[in-house]
Each structure stands twice: as structure tokens, then as C-alpha cells.
Amino acid sequence: MDAYQNQMKVLSHNLLLIILETLDVTHEELNWAISTHDAQAVLQLNSYPSCPNPSQAIGLAPHTDSLLLTLLNQSGVSGLEIFVEGLGWSQVQPIEDAFVVNVGDLLHIFSNAKFPVLTHRAMVNQSKHRISVAYFHGPPVESKVAPSSKFQKPCFKSLTVKEYLILKAKQFSNALSLIRK
């Protein structure tokens, strides 16, 4: 498990470097996002047993991910759905040997909403037991999060990661709207 988590750390670090290059962030801001010292890293194993009537059950309620980035291995069984404005819920088909990469709330804030967060949920499968492995990556909990200094008109207030996580725990899907300027 440690080897897998270490590989996820390297992959998330490399993905963040690529993503942040598109924002033309300062060296200091880049170090904040990709720092491995005191960074938050959580590996979550999810088990969704098969359900004879999946329309009457849900595996994981609709949400956005809180940290910077999430790498998700769907293990080949469908169940992940994203909410698409105007279309509703759309299934994300698993691709063998590929990860789903979710932008988290903190990257959404840092990018001044340039990178959107997607509301998603996990549904149970009628005939197959579904297992997913999610790796969540974020900056140290005591660090500040705010839109990059590159943006002339930031659309979010500055706060610590810890303050945001507490707000999200209390307000859930309203957390981002509560820190909008």
C-alpha cells in the first residue's frame, strides 16, 4: 500500500506541475501547491457491494472533492457519475489502466474558478461489486489558500485550508459560494 501511495504522490505532483504551468503562477505559489512537506495525502478505499435494485440505493452522495486534486482508480466497474449542467447525471465509463482526475475545491479557488469543480457521486452496480481507490492531494492544513496573485480580480476570499475544510464540513455544497467575493 505504501508503494502505491508513493506512486500517487509522484503522479499528483507531476500533474499539478503541468496544470499550474498553464496559470503562469509565481515560484512561491508553485511551491505551495506542490510541496510535499506537511502536504495532505489521503488514500481512500471504497467498497460498493452489488445491489439488486440500484435505483433505490446510492454509494456516495453528490459532492465535490475538497483538496487540490483527486486521482481515482475505478477498478473497471462503472458507478461514477458526474453532474453536467443542462444534461443531468452522466456516467463516467472506466478506462483500463487509467485514472479519473478530479479538480478539487482548493484548485478551483487557486485558479480563480478557471478550473471548474464537478459535482460527482458513486452509484452501486446491479450485478458487480465495485471497488474504487481515491488518492486525495492537498497543501498543508495550516497554509493559506486564495486565488493566484496573477488574477487582477480574485473571486474568492483568502483563508486557511483548515478554515475551508471546517466550512465545508458545516456547509457542504454551499462552502464555495460562501467564500465568493
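Reading the values: the criteria
Residues numbered from 1 in each chain as written. Predicted model: local features only at pLDDT ≥ 70, side-chain atom pairs only at ≥ 80, totals over all residues. Heavy atoms only, no water. Helix = DSSP H or I, 4+ residues; strand = E, 2+ residues; numbered from the N terminus. Expected span 1.5 Å × (residues − 1). Buried < 20%, exposed > 50% of the residue type's maximum accessible area, 1.4 Å probe, protein only. Arc of directions from axis to C-beta. 1 Å grid on protein atoms, 1.4 Å probe; cavity = no way out; pocket = protein on both sides within 12 Å on 5 of 7 lines; lining within 4 Å. Points joined across faces, edges and corners; volume = space filled by probe spheres on them. Nonpolar A, V, L, I, M, F, W, Y, C, P; charged D, E, K, R; others polar. Pairing = 2+ DSSP bridges. Axes fitted to C-alpha atoms, helices over the stretch in contact; angles between N-to-C directions. Salt bridge = Lys/Arg side-chain N within 4 Å of Asp/Glu carboxyl O.

J.: Go over helix α1 (residues 2-21), please, and point to the residues and values.
T.: Helical geometry: 3.6 residues make up each α-helical turn, so side chains three or four residues apart lie on a common side. The first and last C-alpha atoms of α1 sit 29 Å apart over 20 residues, in line with the 28 Å expected at 1.5 Å per residue. Within α1, the full set of buried residues consists of Met8, Ser12, Leu16, Ile19 and Leu20. Seen from one end, α1 has its buried residues packed into an arc of 85°, which puts them on one side. The outward face of α1, more than 90 degrees from its buried face, is lined by the exposed residues Ala3, Gln7, Val10, Ile18 and Glu21.

J.: Tell me about the layout of surface pockets, and please be specific about residues and values.
T.: Empty space among the atoms becomes apparent when a probe as large as a water molecule is rolled across them. Here the largest pocket defines a volume of roughly 370 Å³. In terms of lining, the largest pocket is formed by 23 residues, of which the most central are Gln44, Leu60, His63, Asp65 and Phe136. When contributions to the lining of the largest pocket are tallied by element, the ones reaching two or more residues are β1 (40-48), β2 (60-63), β3 (69-73), β7 (120-122) and β8 (130-138). Its residues assigned to classes, the lining of the largest pocket comprises 10 nonpolar, 10 polar and three charged. Space inside the second largest pocket adds up to approximately 190 Å³. Looking at the second largest pocket, it is lined by 13 residues, and the ones nearest its centre are Thr64, Thr119, Phe172, Ser173 and Asn174. Contributing elements (two or more residues each) for the lining of the second largest pocket: β2, α4 (161-171) and α5 (175-178). Of the residues belonging to the lining of the second largest pocket, the class tally is six nonpolar, five polar and two charged.

J.: I'd love a proper account of the sheet that holds β1, names of residues and values included.
T.: If you trace the four strands from one edge of the open sheet to the other, you get β1-β8-β3-β6, paired in antiparallel fashion. A single partner strand is all that each edge strand has here, and the edge strands are β1 and β6 (100-103). Taking the axes of each pair of neighbouring strands and ignoring which way they run, one obtains an average angle of 20° across the sheet. The sheet contact formed by β1 and β8 spans nine bridges and is antiparallel. Paired with Ser47 across the strands is Ile131, a residue of β8.

J.: Residues and numbers for the pattern of salt bridges, please.
T.: Counting across every chain of the model gives three salt bridges. Glu81 is the partner of Arg121 in a salt bridge, and the nearest nitrogen-oxygen pair spans 2.7 Å. A residue pair is termed long-range when its members are at least 10 positions apart, and Arg121 in strand β7 and Glu81 in strand β4 (residues 80-84) qualify at 40 residues. Under the relative-accessibility criterion, Arg121 is labelled buried at 16%. Taking relative accessible area as the criterion, Glu81 reaches 13% and is therefore assigned buried. The partner of Lys168 in a salt bridge is Asp105, and the shortest N-O contact between them spans 2.6 Å. Taken together, the residues Lys168 in helix α4 and Asp105 in helix α3 (residues 105-110) connect sequence positions 63 residues apart. The buried category is assigned to Lys168, whose relative accessible area is 7%.

J.: Just give me the short version of unusual backbone geometry, but keep the residues and values in it.
T.: Positioned with a positive phi, Asn112 is a non-glycine residue whose angle comes to about 55°. Relative to the helices and strands, Asn112 is located in the loop between α3 and β7. Even without being glycine, Phe172 reaches a positive phi, approximately 45°. Within the element layout of this structure, Phe172 appears in the loop between α4 and α5.

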